[in-house]
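Overview (structure and organization)
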Amino acid sequence: MADPRSADALPLAPLVALVAGATLTVAPHALWLPWWVDATAAILLGWRAALALRSRALPARWLLLLLTLASVIGVFFSYRTIMGRDPGVTLLVLLLFLKLMETRLRRDVFVVAFLVYFVALSNFFYSQSIPIAGLMLLTVFITTATLVGFSAPQRPVMDDVKTAGRMLLQAGPVMLLLFFLFPRVQGPLWGMPQDAYTGMTGLSETMSPGSISGLSLSDSIAFRVKFDGATPPRGQLYWRGPVLSDFDGTTWRVGLPQLRQDTRIGVEGAPVDYEVTLEPHNRNWMFALEMPTSLPPSARVTTEYQVISLTPVRSRIRYEMRSYPNFSATSGAEPADLALALRFPRVFNRRAQGLAREWRDSSGDNAAIVRRAVEFFRSSRFEYTLTPPLLGANSVDEFLFSTKQGFCEHFASSFVLLMRAAGVPARVVTGYQGGDTNPVDGYMVVRQADAHAWAEVWLAENGWTRVDPTAAAIPVRVELGITAARPGGAALPLLMRTSSDWLKALRNNWEALANQWNQWVLGYNPDRQREMLSWLGVQQPSWQTMTVMLFWSVAGVLLLIALWLLRGIRREDAVQRAWLRFCEKLARADLARALPEGPLDYAGRIAGRLPAREAAVRAIAALYVDLRYGPRADPHSVARMQQLVREFRP
Amino acid sequence: MKLDRVLQYSQAYNFYQWVFKRHAPEPGVVFLSQRRVYILPTRHGLSFGGSLVLMLIGSINYSLSLGYVLTFLLAGLGVVSILHTFRNLAHLYVSAGRVSPVFAGDSAQFQLVFENRSGFDRHSLDLACRGATASCDAPARQHCSVVLPLKAEKRGWLQLERVTVETRFPLGLMRAWSYVQPDMRALVYPRPDSAPLPLPYSDADTGDAVSSGAGTDDFSGLRPYQATDSPRHIAWKASARSELLLTKLFAGRAASELWFDWTQLPADMHTEARLSRLARWVLLAEERGLRYGLKLPDAEVPLGEGFAHRERCLKELALFHG
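Note that the structure is predicted; figures quoted are calculated from it, not measured.

A closer look at the overall build of chain B
When its secondary structure is counted, chain B shows 7 helices and 17 strands. Among the 322 residues that make up chain B, the fraction classed as buried is 37%. For chain B, the proportion of contacts with a sequence separation of at least 24, taken over those separated by at least 6, is 67%.

Structure, rendered in structure tokens:
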């Protein structure tokens, strides 16, 4: 018996595959894990490889215990806790590599394999994209092949790979049935760790135009839209999000949301019906084309016409909406509301206030003031840039009269301040503007880079009216989208640059695929499941019904797989079958073959007992011996023997 | 006949055997029908299931669609591995191979033959019987033989006990097993002790002392070959010239014609010790090319020499009933 501590107790090839699978599973985590975790993992990996290649003994148990303890302490100092999602995953990764250091028996191999499966699952906390799914499938494949390799050590590696591949293929149908029919429960089952939703991007509750010197454009997707009819023109695609009405001189904030049932909207013209698939962004707001007249389930609308979900949007949701591009919004116009929409700190931006007073004095009504202001923005030669200079306390003055460089937030912020100073109630609306229709699947994609801010003014005759100062100053921003508004495409994300047609086509195809993935794989939730079952003809199934359905369908699939697997189990060759049939016929006539009796002896004995059949019996036995033990089976002889046996009557 | 076969492979019969511990040896070829192949998860299989439950809970809690996919794929893998493990063992044919006689204290090498008549390979078939283990692979439509070394404690017949044939291929999550007991037994000779060869008895009664002129030391002539003559004494050159096979005679041979007599052993020796001593003498005598005979209370082996003679003597000793 070899020293159980020596590293070569396990065959090398599956061990290498096991380590490779583990490394591949951890790879996506390496991007965000603390640097010292990556370094520790790399060192442990190198150490293990060196030990395996030189067949040296693995480190002592006390050393590993010490390292494990050090890991826990390290994780605690990195995160100030060892509970929660990120510390948990970090510990899991460290444990996996430490376990590799003491993988000496088959039992350890199983522990490593299960840890790899857990780490694979933990990857989905951070990304459920197609590439990550593919990578994790690969690691499961490698790990499975490893398990096969350890249970049949003498086989060539390719055979293990084939067995693992076949098993995964057979597991596929079972997985699909379970995925679609397993009774789904909407999570979470208990309170989620605080850090479960970090990393979701979206709009913010505040806006400080002067304090951002570089707006990073992300081409990650905010939501997708499927229009029932024709797509409205780009100029109408204002996706309404948080409304900011509270200004302290530098920062705009969301006012106190007031949920009311009696939001009034006057509509004319044709409605637009569409379905929104919203990416999770961990906030309550939902997006709709201005102005929405219907509400998704478990959502409310504020007096500021903002659609609010009752719970933060933490998983991808789908909802149907109806909006009217031509509307008059007259809610939220109580004296208190209007007073709020006129408030601003008077100590800052004196020059802008002066300009606004001048408009006030020379214009007859609010509409005329708005017209003057729009004309001001149109004629003042503003420059649209994503890297504006930083602004001081008088941010509006500096932007309007000296720097004249900014993006939508600068325009909206200064416009609303001018309006308030001129006595016109106004507020900032943030959301998204535009969207690109993917010709492959017809879905409109709205990205984070399409985020926009515009203004709303109160006009007595028309209610809250949208004014987009950015569109007035830089018309291409709204007409053609942000790509056209930017001078030079360097700061834009790769996929948003329009220069290359094939790149665009590639992107469209990829995103259509990703959309299907989102709709059918990632977005498969209890609602979708009910939808699909009712499409299959099962209305409102209880979980018992679903369990029964699941049981029988899985049983059916397993039966098919079993039949396929066992098809060759009884395969005896045609010659043997014919011979056995011949023996059986004789056995029925009480002339059974004795166990030690060879075929020719048997035939001789039978020939003696059945002289009339002698020729046939001897021919069959001779053919059998010839086919069975002769150099080569001749198909004609096989057919001849089968015929003789068929016609034989004892 | 047919009913017997049906009965033999029925669960009721298995149960009967299990309850009453009646494990009768099965003659001929043993067929591992699906009814006598059992399958249960291994310890690792159970922890695999536990892991899957944890992963499922995690997926539900975090609404991870791909978590469901991964969990269900692994669950499918586990279920499919039941079929694969079962298929790896069911419908094999097991038969008794050869087993050579051994001396008590040594290991009897029981050879079992697996025949795989199916169209696919079988891997990692593990055998276990009384602490002895062995493993083999049976490729498609081929035989494979595996030797199970069983410690032979006592002289006499060593019947092969119930052998557990099991496999965990392909994932190690499931264990399929079956019991077989091919009808085979090994002959166990008494363990020889370390005594030297005794001096020949000068037994007056037998009279065949020095005078006959036969011994092992000096060549004294030729005589026709007899079946009991040692091949080492055949005069090949002389035989080639004559029509008969001739055996060389040696002077002094009478001095080494030995009778190993039970009754000549010290009276206070136990039966087993006597048998050990006699076995030792048989081995030594055969080694030196002597002619020897064996006298036991209930049997007698006449003078002779050669391998077959040795085996016959040892068999008498092995099966001696005192």
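What about the nonpolar core?
What tends to happen in soluble globular proteins is that the nonpolar side chains get buried as a cluster. Val93 and Leu96 of chain A together with Val282 of chain B are the most contacted members of the largest nonpolar core, which totals 124 residues. Judged by nonpolar contacts, the second largest core, of 83 residues, contains Tyr305, Leu355, Phe407 and Ala412 of chain A.

Some points on the sheet that holds strand β3 (residues 93-96) of chain B
Strands pair in a sheet through their backbones, by hydrogen bonds, and they do so in one of two ways: parallel or antiparallel. All names here are of chain B. Spatial ordering of the open sheet is given by β1-β3-β5-β8, a layout of 4 strands whose pairing is antiparallel. The open sheet terminates on both sides in strands that have one partner only, identified here as β1 (30-31) and β8 (142-151). Bridge analysis of β3 against strand β5 (residues 107-116) gives 4 bridges, and the strand direction is antiparallel. The residue bridging alanine 96 from the neighbouring strand is leucine 112, located in β5.

A closer look at the interface of chain B and chain A
Each side of the interface is counted separately: chain B has 45 residues, and chain A has 51 residues. At the level of elements, α3 (43-61), α4 (65-89) and β6 (122-129) of chain B are the ones that each hand at least two residues to the side of chain B that touches chain A.

Section: the environment of leucine 65 of chain A
Residues and elements named next belong to chain A. Looking at the element boundaries, leucine 65 is found in helix α3 (residues 61-79). Of the residues examined, leucine 65 has 11 C-beta atoms within 10 Å and is grouped as exposed. For the pair leucine 65 and leucine 98, spaced 33 residues apart in the sequence, the C-alpha separation amounts to 9.2 Å.

Things to note about the sheet that holds strand β2 (residues 38-41) of chain B
All names here are of chain B. Taken in spatial order, the 5 strands line up as β2-β11-β10-β6-β7 in an open sheet, and their pairing is antiparallel. Because the sheet does not close on itself, it has two edges, and the strands there are β2 and β7 (132-138). Along the sheet, successive strands turn relative to each other by an average axial angle of 25°, direction set aside. In the sheet, β6 pairs with strand β10 (residues 163-167) via 3 bridges, with the strands oriented antiparallel. Of the residues in β10, the one forming a bridge with aspartate 126 is glutamate 166.

Digging into the pairing of strand β11 (residues 326-329) of chain A
All names here are of chain A. Burial of the side chains of β11 is restricted to one face: Phe327 and Ala329 are buried, whereas none of Asn326 and Ser328 on the reverse face is. Both strand β5 (residues 265-268) and β11 contribute to a ladder of 4 bridges, which runs antiparallel. The partner of glycine 266 across the bridge, within β11, is serine 328.

Points about the pairing of β7 of chain B
Two faces belong to every sheet, and in a regular strand the side chains alternate between them. As paired strands, β6 of chain B and β7 of chain B are joined by 6 bridges and run antiparallel to one another. Bridging across to β7 of chain B, cysteine 129 of chain B finds its partner in alanine 132 of chain B.

Examining unusual backbone geometry
At the junction of glutamate 290 of chain A and methionine 291 of chain A, the peptide bond is cis and its omega measures out at -15° in the coordinates. Within the secondary structure, methionine 291 of chain A is located in the loop between β7 (288-289) and β8 (299-301). Between phenylalanine 169 of chain B and proline 170 of chain B the backbone carries a cis peptide bond, its omega angle lying at 5°. Turning to its location among the elements, proline 170 of chain B is positioned in the loop between β10 and β11 (174-180). Positive phi values are uncommon outside glycine, yet serine 63 of chain B reaches one of about 50°. Its identity as a non-glycine residue notwithstanding, serine 124 of chain B has a phi of 50°, on the positive side. Mapped onto the secondary structure, serine 124 of chain B falls in strand β6. Serine 124 of chain B gets classed as partly exposed once you count the C-beta atoms within 10 Å, which come to 19.

What counts and how
Residues numbered from 1 in each chain as written. Chains lettered and ligands numbered in written order. Predicted model: local features only at pLDDT ≥ 70, side-chain atom pairs only at ≥ 80, totals over all residues. Helix = DSSP H or I, 4+ residues; strand = E, 2+ residues; numbered from the N terminus. Buried ≥ 20, exposed ≤ 12 C-beta atoms within 10 Å, placed from the backbone. Contact = placed C-beta atoms within 7 Å. Core = buried A, V, L, I, M, F, W, Y, C linked by C-beta atoms within 7 Å. Pairing = 2+ DSSP bridges. Axes fitted to C-alpha atoms, helices over the stretch in contact; angles between N-to-C directions.

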